Amino acid sequence: MKRGEVRVKTRKIGRVVSNAPAKTIVVLVERIVQHPIYKKYIKKRKKFYAHDEHEEASVGDVVSIISTRPLSKLKRWRLERIIEKAVEGKSDTARDNSEDSR
């Protein structure tokens, strides 16, 4: 990059799989690519560590992250916005139904 140029910020959309570390979320981003030889479509997944200053994202939320300067050894992204909140109690009802059938 030359002096005075502005770097374009990259954005990704993914699902939060962990929010255990303080002010950090782990976002799983899935993309579909075509195999170069066999032409089959394959899902590729990658985890990104993102900074969540106000700790507002929870597991299961669909979020948008944006690239930023390095914040730690692994964090190069920060939370831009929450697109969709996770449905609460979704996994609990499935477990309750399986117990009732016993």
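Our structure's up above, just so we're on the same page.
To keep things clear, this report deals only with the structure shown in the data block. What you are looking at is a predicted structure, and each value in this text was computed from that prediction instead of being measured.

## Remarks on the overall build of the protein
Logical step 1: On a plain count of helices and strands, the protein comes out with one helix and five strands.
Logical step 2: When the elements of the protein are put in sequence order from the N terminus, they spell out β-β-β-β-β-α.
Logical step 3: When the 102 residues of the protein are sorted by exposure, 22% land in the buried category.
Logical step 4: Considering only contacts within the protein whose residues lie at least 6 apart along the sequence, 48% involve residues at least 24 apart.
Logical step 5: Entry remark: accessible area of the protein is about 8,300 Å², with carbon and sulfur atoms responsible for 50%.

## As for the pairing of strand β5 (residues 77-84)
Logical step 1: With two bridges connecting them, strand β3 (residues 41-51) and β5 associate as parallel partners. Residue pairing across strands places His-51 opposite Arg-78, the latter belonging to β5.
Logical step 2: By the bridge criterion, six bridges tie strand β4 (residues 62-67) to β5 in an arrangement that is antiparallel. Counterpart to Ile-66 in the pairing with β5 is Arg-78.

## Notes on the nonpolar core
Logical step 1: Val-16, Ile-25, Val-27, Val-29, Phe-48, Ala-50, Ala-57, Val-63, Ile-65, Trp-77 and Leu-79 together form the largest nonpolar core, which totals eleven residues.
Logical step 2: Listing elements by their share of this core, those giving two or more residues are β2 (24-34), β3, β4 and β5.
Logical step 3: When residues no more than four places from it in sequence are discounted, the contact partners of Leu-79 are Ile-25, Ala-50, His-51, Asp-52, Glu-56, Ala-57, Val-63, Ser-64 and Ile-65.

## As for the packing of aromatic side chains
Logical step 1: Taken as a whole and judged by the stated rule, the model has one aromatic pair.
Logical step 2: Look at Phe-48 and Trp-77: their rings are 5.2 Å apart centre to centre, the planes differ by 70°, and that puts the pair in the edge-to-face class. Here Trp-77 lies in strand β5 and Phe-48 lies in strand β3, a separation of 29 residues in the sequence.
Logical step 3: The buried category is assigned to Phe-48, whose relative accessible area is 11%.

## Digging into the sheet that holds strand β1 (residues 11-18)
Logical step 1: Sheet architecture is closed into a barrel: five strands sit in the order β1-β2-β3-β5-β4, paired in mixed fashion. Taking the axes of each pair of neighbouring strands and ignoring which way they run, one obtains an average angle of 45° across the sheet.

Thresholds, definitions, all that
- Counting restarts for each chain: residues are numbered from 1 in the order of the written sequence.
- It should be noted that, the model being predicted, local features are given only for residues of pLDDT at least 70 and side-chain atom pairs only at 80 or more, the latter also being counted only at that level, while totals for whole chains, interfaces and linings use all residues.
- Side-chain numbers come from the whole structure's heavy atoms, not from hydrogens or water.
- Going along the chain from the N terminus, every DSSP run of H or I of four or more residues is numbered as a helix, and every run of E of two or more is numbered as a strand.
- The classification of residues rests on relative accessible area computed with a 1.4 Å probe and restricted to protein chains. Under 20% of the type maximum is buried, over 50% is exposed, and intermediate values are partly exposed.
- Here, two residues are considered to be in contact whenever any of their heavy atoms come within 4.5 Å of each other.
- The Shrake-Rupley method, run with a 1.4 Å probe, gives the accessible areas here. Residue values count only the displayed protein chains as cover.
- Pairing between strands is defined by DSSP: at least two bridges between them are needed.
- Note on terminology: a nonpolar core comprises buried Ala, Val, Leu, Ile, Met, Phe, Trp, Tyr and Cys residues joined through side-chain atoms within 4.5 Å.
- Each Phe, Tyr or Trp ring, with Trp reduced to its six-membered ring, pairs with another whose centre is within 6.5 Å; inter-plane angles below 30 degrees give stacked pairs, above 60 give edge-to-face pairs, and intermediate values give tilted ones.
- A fitted line through C-alpha atoms serves as each axis, taken over the contacting stretch for helices, and the angle formed by two N-to-C directions is quoted from 0 to 180°.

Keep in mind these numbers describe shape, not what the thing actually does.
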